[in-house]
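Architecture and fold: a report
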2 protein chains.
Amino acid sequence: MNPDLSPLADALREADADGYLLDASSEESDQLYLSGFDAPDPFVTLYTPDGTHLLVSGLEYGRATEESSADSVARLSEYGYQERVAEYGRTEGTHRVVAAFLDDRGVASVAAPERFPLGTADDLREQGVAVEVLDEDVVTEIRAVKTDEEIDHVHAAQRANEAAMRAAEDLLEAATVEDGVLYHDGEELTSERVKEEIEVTLLRHGCALDETIVAYGADAAGPHNRGSGPLRADETIVIDIFPRDKATKYHGDMTRTFVKGEANEEIRRRYDDTYDAFEAALDAVEPGATGKEVHDAVCDLYEDRGYDTLRSDPSAETGFIHSTGHGIGLDVHEQPSVSPDGGELKPGHVVTIEPGLYDPDVGGIRIEDLVVVTEDGYENLTNYPIRLELE
Amino acid sequence: MNPDLSPLADALREADADGYLLDASSEESDQLYLSGFDAPDPFVTLYTPDGTHLLVSGLEYGRATEESSADSVARLSEYGYQERVAEYGRTEGTHRVVAAFLDDRGVASVAAPERFPLGTADDLREQGVAVEVLDEDVVTEIRAVKTDEEIDHVHAAQRANEAAMRAAEDLLEAATVEDGVLYHDGEELTSERVKEEIEVTLLRHGCALDETIVAYGADAAGPHNRGSGPLRADETIVIDIFPRDKATKYHGDMTRTFVKGEANEEIRRRYDDTYDAFEAALDAVEPGATGKEVHDAVCDLYEDRGYDTLRSDPSAETGFIHSTGHGIGLDVHEQPSVSPDGGELKPGHVVTIEPGLYDPDVGGIRIEDLVVVTEDGYENLTNYPIRLELE
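Bear in mind the structure is a predicted one, so any value in this text is a computation, not a measurement. (Residues numbered from 1 in each chain as written. Chains lettered and ligands numbered in written order. Predicted model: local features only at pLDDT ≥ 70, side-chain atom pairs only at ≥ 80, totals over all residues. Heavy atoms only, no water.)

**Comments concerning the packing of helix 8 (residues 148–174) of chain A against helix 9 (residues 191–204) of chain A**
All names here are of chain A. For the pair helix 8 and helix 9, the least separation of the axes is 8 Å and the interaxial angle reads 145°. Where helix 8 crosses over helix 9, the two elements pack in a sense that is right-handed. Where helix 8 approaches helix 9, its residues Ala 160, Asn 161, Ala 163, Ala 164, Ala 167, Ala 168, Leu 171 and Leu 172 are matched on the opposing element by Arg 193, Val 194, Glu 197, Ile 198, Thr 201 and Leu 202. Here the residues of the contact of helix 8 with helix 9 are counted per class, giving ten nonpolar, two polar and two charged. (Axes fitted to C-alpha atoms, helices over the stretch in contact; angles between N-to-C directions. Helix = DSSP H or I, 4+ residues; strand = E, 2+ residues; numbered from the N terminus. Left-handed = near helix turned anticlockwise from the far one by under 90°. Contact = heavy atoms within 4.5 Å. Nonpolar A, V, L, I, M, F, W, Y, C, P; charged D, E, K, R; others polar.)

Next up, the structure:
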C-alpha cells in the first residue's frame with residue numbers, strides 16, 4: 001500500500017522523539033493502518049524513521065509475520081516475557097517487555113497518541129523511557145490521503161452499498177398502501193424490516209454494519225435518528241447506509257430520500273433545492289479548494305432559497321443543520337472535514353457530499369454520494385440513481 | 001439492574017482515591033456497565049461511593065439523562081467548554097473541563113483503569129488531580145457476577161444462537177454429496193456459505209456478530225481457525241457461534257461438531273470422549289468449586305483416555321490444547337476463567353464449557369454449552385441437541 005509516512009517522521013523530529021508508539025488492537029484505525037495487522041487484542045507498533053516494528057504475542061506471531069506490513073515482527077518471549085510476568089505480574093511484566101523491546105532498538109523517547117494507555121505509559125516512564133503525547137493527529141492526517149488500493153477498497157464497499165439501497169428501494173416499491181400505511185407480505189412495512197433487508201443484503205456482499213438509518217416523517221427530521229415503526233405513504237423516508245467491508249475494513253456511505261406515493265409541493269421543492277445544493281457542492285470539489293468552501297457553496301444556495309443554516313443561525317433547529325460531509329476510510333467519520341472547519345482538499349481525499357433539510361412539519365431530506373478528489377476535480381464513487389417518488 | 005459496586009468502593013478506599021474515572025466510549029464494556037449509557041464517542045464517567053456521574057457533550061445530554069443509569073448527568077457546556085476550547089484547543093480544553101467537573105464534586109484524586117487515555121491523565125495531573133492506575137481489575141470482577149436481568153439477556157442471545165445453529169445444521173443436512181464434496185443448490189457448499197446463513201439468521205433475530213467459525217478437516221484442528229472453502233463429507237465440521245444481541249449488547253456462545261455422512265471409528269471415539277469430558281466438566285460446576293477444578297476434571301478424563309493436554313504437556317500441539325471455558329457477558333471473553341488460572345465460581349457467574357480435541361490427521365472436535373452458576377449447581381442456558389452424524 002505504501003502511504004507517505006514522512007509527515008510522521010517530521011513530527012517526531014519536531015517532538016524530539018525517537019519513535020511513535022501504539023499499544024492498541026486493530027479496532028483503532030491508526031493501529032490497523034500503521035501495522036497492516038488485524039488483531040482483536042492489543043499489540044505494540046513502533047514507528048521510527050527506519051521502519052515499522054511490531055511486538056506481538058506468540059499466538060499472533062505467525063500471522064503477524066505473514067500478514068502485517070511491518071518491517072520486523074518480534075514476539076513477547078524474545079524479551080523474557082514469562083520471567084517478567086512471574087516477577088512483576090501480567091500487566092507490569094508486559095510493560096517491562098515493551099521497555100526492553102524499545103531499548104533493543106535504541107529508542108529512549110517515544111511520542112504517543114492522546115488515547116495511548118496510561119498504564120503502559122506510566123510503567124515505561126518508570127523504566128526511564130520518555131513518553132509524550134503528540135499534539136497533532138499526524139497519522140489521521142496521513143490516512144486522509146488514500147492510495148489507489150484504498151480507493152478501490154472504498155469503491156468496493158460502495159458497490160455493496162448500492163446493492164443494499166436497491167434492495168431497500170425495491171421493498172418500498174413493492175409495498176402496497178392501505179389507509180396511508182405501507183404493507184408488504186400482508187404485514188405493516190416497518191423501518192426495522194427495511195433495515196433488516198439492507199443488512200442481510202450487505203452481509204451477502206461481505207459487509208458488516210453497526211447501524212443503518214431508515215427514518216420517515218418527523219423522525220427523519222433528526223439527522224441522526226435511526227428510525228422505527230411502520231412507514232407511511234406520502235412522507236419522506238431517509239435511508240442512510242454506511243457499511244464496512246469485512247475483509248478490507250474500508251467503508252462506503254450513501255443516502256437517498258424516497259416518498260412512497262406522492263410528494264406534496266413543499267417536499268418536492270425542498271428535494272429539488274437539496275439536489276441543487278448537492279450539485280453546487282460537487283461543483284466546488286477540486287484540489288486546492290477547502291472543505292469550508294464546499295460547505296459554504298451549500299450554505300449559499302440554501303440561504304439564497306430562504307432556508308436557515310447553522311452558518312446563518314448557529315442555534316437553528318430546522319433547515320440545513322449539519323456539515324456538508326466528512327472523510328471516510330477505515331473509520332466512517334475521519335479527515336478531511338467538509339464543514340466550517342474544513343481545510344484544503346488534496347488528491348486522494350475521499351469525502352461524502354450530503355446536504356439536507358430538516359423540519360418536523362415537513363420531514364427530513366438528504367442526498368449523499370461519495371467522491372474522491374482527483375488531480376483536476378473529483379470522481380464520483382457512487383453509481384445510484386437519485387429520485388424521490390416511488391409508485 | 002443494580003449490581004453490587006461495593007468492591008469498587010473498597011478498592012478506592014484502599015487506593016486512597018476519591019473516585020474512579022473512565023474516559024471511553026461504550027465500546028469499552030466497563031464504561032457501558034458503569035454508565036448504562038451506549039454512545040459511540042468517548043464520554044466521562046465518575047464513580048464515587050456517593051453515586052455515578054456522567055459528563056457528556058450537548059449532543060448526547062438528552063439521551064444520557066433518559067437512558068443512562070447514572071445518578072447525575074452534566075454536559076460539557078456547564079464547565080465553560082467553549083471558552084476553554086477557544087483558549088487551549090479542543091483536546092486540552094476538554095481535559096480542563098473534566099478537571100473542573102471533578103473539582104465541582106470535591107474529587108482531588110482518581111483511580112483509573114490500565115487503558116485510561118494518557119492525554120487525559122497527563123492534563124489532569126497538570127491541573128493538580130492525582131491520577132493512578134488501579135492495579136486490580138475490580139469492575140471486571142464485579143461484571144462477572146450477573147444480575148437476573150443480565151442472565152435473561154445472555155439467555156436471549158443464546159436463543160438466537162440456537163436458531164442460527166439450526167439453520168446451519170439444516171443446510172448441512174440438505175446438502176448432497178458428490179465425490180466426497182458437499183453440494184447445495186447445484187453449487188459446492190462452502191464454509192463461507194454456511195457462515196452467511198448463520199449470520200443472516202442472527203441478523204433476523206436482532207444479533208450482530210464479528211466472526212463465526214465453520215471449520216472442517218485439518219482447518220478444524222486449529223481451535224481458532226475460522227475455516228474456508230468447500231466442505232467435505234465424512235470429516236468433522238466444527239461450528240462455533242458467538243453472537244451479540246444488538247439491543248442489550250450481551251453475548252451467547254455455542255459450538256457443535258458435525259460429520260456429514262459417516263464418522264470413522266477414530267472420530268466417533270474422540271467425539272464420545274469429548275462428550276464425556278463435557279459432562280465431567282458440568283458435573284464439577286457449582287458455587288465454591290474453582291474454574292481450575294472444572295478444567296482439571298476435563299484434563300483428568302482426557303488424560304485417562306490417553307490424550308495429551310496442556311496440563312500433561314505444555315507444548316502439546318494435539319489433544320486438548322485450550323482452556324475449558326470463559327465467562328461471557330458484555331464481552332465475549334471475560335471473567336471468570338475456567339482454566340488453570342480459574343478462581344472460585346460464584347452464583348451468577350455465566351461460563352462456557354467447551355472441551356475439545358484437535359489433531360490435523362483426524363480433525364477438530366468441540367462441544368460447547370453456556371451455563372450459569374446457581375446457588376446449588378448450575379443451569380444450562382443452552383437448549384440444542386448434541387449429535388455428530390448428519391445423513
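**As for the domain arrangement of chain A**
All names here are of chain A. By the assigned domains, chain A splits into domain 1 (6–141) and domain 2 (145–390). Distance between the C-alpha centres of domain 1 and domain 2: 38 Å. Contacts between the two partners involve six residues from domain 1 and, on the opposite side, eight residues from domain 2. Where domain 1 packs against domain 2, one counts one salt bridge. Among the salt bridges present, the one from Asp 38 reaches Lys 249, with a minimum N-O distance of 3.3 Å. At the surface where domain 1 touches domain 2, the tally comes to two residue pairs in polar contact (both at pLDDT 80 or more). Contributions of two or more residues to the side of domain 1 that touches domain 2 are made by helix 2 (29–35) and helix 7 (138–144). With three residues, helix 2 is the single largest residue contributor to the side of domain 1 that touches domain 2. A breakdown of the residues in the side of domain 1 that touches domain 2 according to their chemical character gives two nonpolar, two polar and two charged. (Domains from an automatic or database assignment. Salt bridge = Lys/Arg side-chain N within 4 Å of Asp/Glu carboxyl O. Polar contact = N/O pair within 3.5 Å; in protein donor to acceptor, adjacent residues only side chain to side chain.)

**Notes on the sheet that holds strand 8 (residues 181–184) of chain A**
All names here are of chain A. Judged by pairing direction, the sheet is antiparallel, and its three strands sit side by side in the order 7-8-9 without closing on themselves. Bordering the open sheet on either side are strand 7 (176–178) and strand 9 (187–188), each of which pairs with just one other strand. Pairing of strand 8 with strand 9 involves two bridges; the strand directions are antiparallel. Paired with Tyr 183 across the two strands is Glu 188, which belongs to strand 9. (Pairing = 2+ DSSP bridges.)

**A few points about the packing of aromatic side chains**
Counting across every chain of the model gives ten aromatic pairs over all chains. An angle of 70° between the planes, with centres 5.3 Å apart, marks the rings of B:Phe37 and B:Phe43 as edge-to-face. Consider the rings of B:Tyr79 and B:Phe101, whose centres lie 6.0 Å apart with planes at 85°: the pair is edge-to-face. Highlighted residues: B:Tyr79 in the loop between strand 4 (72–75) and helix 4 (81–104) and B:Phe101 in helix 4, separated in sequence by 22 residues. The two residues B:Tyr79 and B:Phe101 agree in class, both being buried. Clustering of aromatic rings is evident, with ring pairs tying together A:Tyr302, A:Tyr307 and A:Phe320. In this arrangement the basic side chain of A:Arg75 is found over the ring face of A:Tyr61, its NZ or CZ atom lying 3.7 Å from the centre. (Phe/Tyr/Trp six-rings, centres within 6.5 Å; stacked < 30°, edge-to-face > 60°. Buried < 20%, exposed > 50% of the residue type's maximum accessible area, 1.4 Å probe, protein only. Lys NZ or Arg CZ within 6 Å of the ring centre and 35° of its normal.)

**Focus on the pairing of strand 12 (residues 236–241) of chain B**
Residue and element names in this part refer to chain B. A large share of strand 12 lies buried, amounting to six of its six residues. Going residue by residue along strand 12, you find Thr 236, Val 238 and Asp 240 tucked away on one face and Ile 237, Ile 239 and Ile 241 tucked away on the opposite face as well. For strand 12 and strand 14 (residues 254–260), the ladder comprises six bridges, and the chain directions are antiparallel. In the sheet register, Ile 241 faces strand 14, and the bridge partner there is Met 254.

**Focus: the relation of the copies chain B and chain A**
When chain B is fitted to chain A, the best match, at an RMSD of 0.0 Å, comes from turning it 180° and sliding it 0.0 Å along the axis. Given the turn and translation reported, the copies of this chain are related as if by a two-fold rotation axis. Considering only C-alpha atoms, the residue of chain B closest to the rotation axis is B:Leu118, which sits at 2.2 Å. Both copies contact each other with a shared surface, as 100% of the interface residues of chain B are interface residues in chain A too. (Least-squares fit on C-alpha atoms with pLDDT ≥ 70 in both.)

**Looking at the sheet that holds strand 5 (residues 109–112) of chain A**
Residue and element names in this part refer to chain A. Strand order in the open sheet formed by six strands is 4-3-2-1-5-6, and the pairing between neighbours is mixed. Two strands lie at the open edges of the sheet, namely strand 4 (72–75) and strand 6 (130–133), each paired on one side alone. Each neighbouring strand pair of the sheet contributes to a mean axis angle of 25°, computed without reference to strand direction.

**Thoughts on the nonpolar core**
In terms of nonpolar packing, the biggest core is built from 48 residues, with A:Leu21, A:Leu55, A:Leu102, B:Leu21, B:Leu55 and B:Leu102 touching the most fellow members. Among the elements that make up this core, the one with the highest residue count is helix 4 of chain B (eight residues). Leave out the neighbours within four places in its chain, and A:Leu102 touches A:Leu21, A:Leu46, A:Val107, A:Val110, A:Leu124 and A:Val129. (Core = buried A, V, L, I, M, F, W, Y, C linked by side-chain atoms within 4.5 Å.)

**Details of the interface of chain B and chain A**
Facing 24 residues of chain B, the contacting portion of chain A comprises 24 residues. When the buried surface of chain B facing chain A is broken down by residue, B:Arg115, B:Leu118 and B:Arg204 rank first, second and third, together holding 28% of it. Linking chain B to chain A there are eight salt bridges. Across the salt bridge formed by A:Glu196 and B:Arg204, the nearest N and O atoms sit 2.3 Å from each other. (Buried area = accessible area lost by both parts, 1.4 Å probe.)

**Let's talk about the pattern of salt bridges**
Under the defined criterion, the tally for this structure stands at 74 salt bridges over all chains. A salt bridge links A:Arg232 to A:Glu235; its shortest N-O distance comes to 3.9 Å. Using a relative accessible area of 32% as the deciding quantity, one classes A:Arg232 as partly exposed. The class of A:Glu235 is partly exposed, set by a relative accessible area of 26%. Residue B:Arg143 pairs with B:Glu334 through a salt bridge whose shortest N-O separation is 2.7 Å.

**Some points on the side chain of A:Thr201**
Residue and element names in this part refer to chain A. The topology assignment puts Thr 201 in helix 9. Residue classification places Thr 201 among the buried positions, given a relative accessible area of 12%. Thr 201 has contacts with Ala 163, Ala 164 and Ala 167, leaving out every residue within four places of it along the chain.

**Quick look at a negative patch on the surface**
On the surface, a cluster of negative charge is made up of A:Glu27, A:Glu28, A:Asp210, B:Glu27, B:Glu28 and B:Asp210. Turning to its location among the elements, B:Asp210 is positioned in the loop between strand 10 (207–208) and strand 11 (212–216). (Patch = residues over 30% accessible without salt bridge, like charges linked within 9 Å, V, L, I, M, F, W, Y side chains within 5 Å. Areas by Shrake-Rupley, 256 points an atom, 1.4 Å probe, with all protein chains shown as cover. Lys, Arg positive; Asp, Glu negative; His and termini not counted. Charge placed at Lys NZ, Arg CZ, Asp CG, Glu CD.)

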